[in-house]
Amino acid sequence: MLDDYQKAFYWDNGYLLIENVLGAAELAQLQAIAYDFIEASREVTESNDIYDLDSGHSAQTPRLNRIKLPHKHHPYFDHILKKSGVTEVLKDLLGPNATLLTSKLNTKAPGGGAAVEWHQDWAFYPHTNDDILAFGLMLDDVTPENGPLQVIPGSHKGPILSHHMEGVFCGAVDPDDPMFEADKIVTLTGRAGCMTVHHARTLHGSAPNYSDRSRLILFYEIAKADAWPLLGSGSYFHTLGQQRFWEDLQARTIIGEPCLTPRVELVPVRMPLPPAADSSSIFRTQRSGGAKTAFAPKPEK
Ligand SMILES: O=C(O)CCC(=O)C(=O)O
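So, here is what we can say about the structure in this document.

Definitions and limits used
- Residues numbered from 1 in each chain as written.
- Predicted model: local features only at pLDDT ≥ 70, side-chain atom pairs only at ≥ 80, totals over all residues.
- Pairing = 2+ DSSP bridges.
- Helix = DSSP H or I, 4+ residues; strand = E, 2+ residues; numbered from the N terminus.
- Axes fitted to C-alpha atoms, helices over the stretch in contact; angles between N-to-C directions.
- Core = buried A, V, L, I, M, F, W, Y, C linked by C-beta atoms within 7 Å.
- Buried ≥ 20, exposed ≤ 12 C-beta atoms within 10 Å, placed from the backbone.
- Contact = placed C-beta atoms within 7 Å.
- Near = placed C-beta within 6 Å.
- Nonpolar A, V, L, I, M, F, W, Y, C, P; charged D, E, K, R; others polar.

**A short note on the sheet that holds strand S12 (residues 204-206)**
And then number 1: Strand order in the open sheet formed by 4 strands is S5-S12-S7-S10, with antiparallel pairing between adjacent strands. Each end of this open sheet is capped by a strand with a single partner; those strands are strand S5 (116-119) and strand S10 (186-188). The average undirected angle you get between the axes of adjacent strands in this sheet is 25 degrees.

**Quick look at the nonpolar core**
And then number 1: Counting residues in each nonpolar core, the largest one holds 63 residues, and the members touching the most others are Leu90 and Ile222.
And then number 2: A total of 6 residues in this core trace back to one element, the largest contributor, which is strand S6 (residues 132-138).
And then number 3: Filtering out sequence-adjacent residues up to four positions away, isoleucine 222 remains in contact with Leu90, Leu94, Ala98, Thr99, Leu100, Leu101, Ile132, Leu133 and Ile254.
And then number 4: Counting residues in hydrophobic clusters, the runner-up holds 6 residues, among them Ala115, Val116, Ala207 and Ile282.

**Here we look at the site of the ligand**
And then number 1: Lys104, Asn106, Val116, Asp121, Leu149, His204, Ser206, Ile217, Phe219 and Ile282 make up every residue found near the ligand.
And then number 2: For the shell around the ligand, the class distribution of residues is 5 nonpolar, 3 polar and 2 charged.

**Here's the deal with unusual backbone geometry**
And then number 1: The omega torsion of the bond from leucine 273 to proline 274 falls at -10 degrees, within 30 degrees of zero and hence cis.
And then number 2: Mapped onto the fold, proline 274 is located in the loop between strand S14 (253-255) and helix H8 (282-288).
And then number 3: A positive phi angle, near 45 degrees, is found at leucine 69, a position not held by glycine.
And then number 4: Within the secondary structure, leucine 69 is located in the loop between strand S3 (64-68) and helix H3 (70-73).
And then number 5: Not every positive phi belongs to a glycine, and lysine 108 is a case in point at roughly 30 degrees.

**So, the pairing of strand S4 (residues 98-106)**
And then number 1: Counted residue by residue, S4 has 9 buried out of 9 residues, so it is predominantly covered.
And then number 2: Inspection of the sheet shows S3 paired to S4 by 3 bridges, in the antiparallel sense. Residue pairing in the sheet places lysine 68 in a bridge with lysine 104 of S4.
And then number 3: With 2 bridges connecting them, S4 and S14 associate as antiparallel partners. Paired with threonine 99 across the strands is threonine 253, a residue of S14.
And then number 4: Pairing between S4 and strand S13 (residues 217-224): 8 bridges, direction antiparallel. Bridging from a neighbouring strand, leucine 100 pairs with isoleucine 222 of S13.

Encoded structure:
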């Protein structure tokens, strides 16, 4: 699926934007399922195992931060991982054995859908090695106006910046950190169906959505099977117990088979502890952990 230029670009820059990974029918099906979930959220009044509600959510105007773990709530979200062009991209970047860590459908409602402050995924879930990536499937057209994903090229080869604020894991870097090189930011826009990939150590974030269009991006985070978690902030799999963990690991093995001999590399690790008051999602970790915002306030009309 990927040519040598694309693979080298990913490893050099820590991100990649790929077109035409999904067929039109696959995209249409993902969109229809996603919008069905949003429609069903009209009945929901509090965040729960499926929905992370944004402020202002109501039956009249659904406003979600995200749909949590979509692969657990609809088989098509699992299918697309295991049997589509996406699977080929993952093989090209991670090899023949890979494990799903988590998934989320970040919905960024129009008219102010929440920012994701700048962070490195690695700070949330250090592993025994860093052959880990996140990819996003754009289910809407993503433009500069509706809160696109932004990345800092090459940051996956640099340090892991502090994600702590006053001693608490706040899940975001300080935008005034001298190691945060804002002048290098690249914005990843594209038509619905485009795929973004970023390395677990790549600095990334996204601004609030002040446009009148939603911004649905379906994210999955995937590890080479020999990368084993040391800790995962907010990860459900740490609470499963051994038998259920084993069954769950098999279900999360999207390519090849589980690897029972972790590869241990010299990687920079700081545990995402102590947790913020509410660590149930990145939005809540950043808010309750007192993360400083990097993004400008809503422009005056
Ligand atoms: O939704 C976005 O723009 C970024 C998502 C992200 O980085 C995350 O959820 O960890």
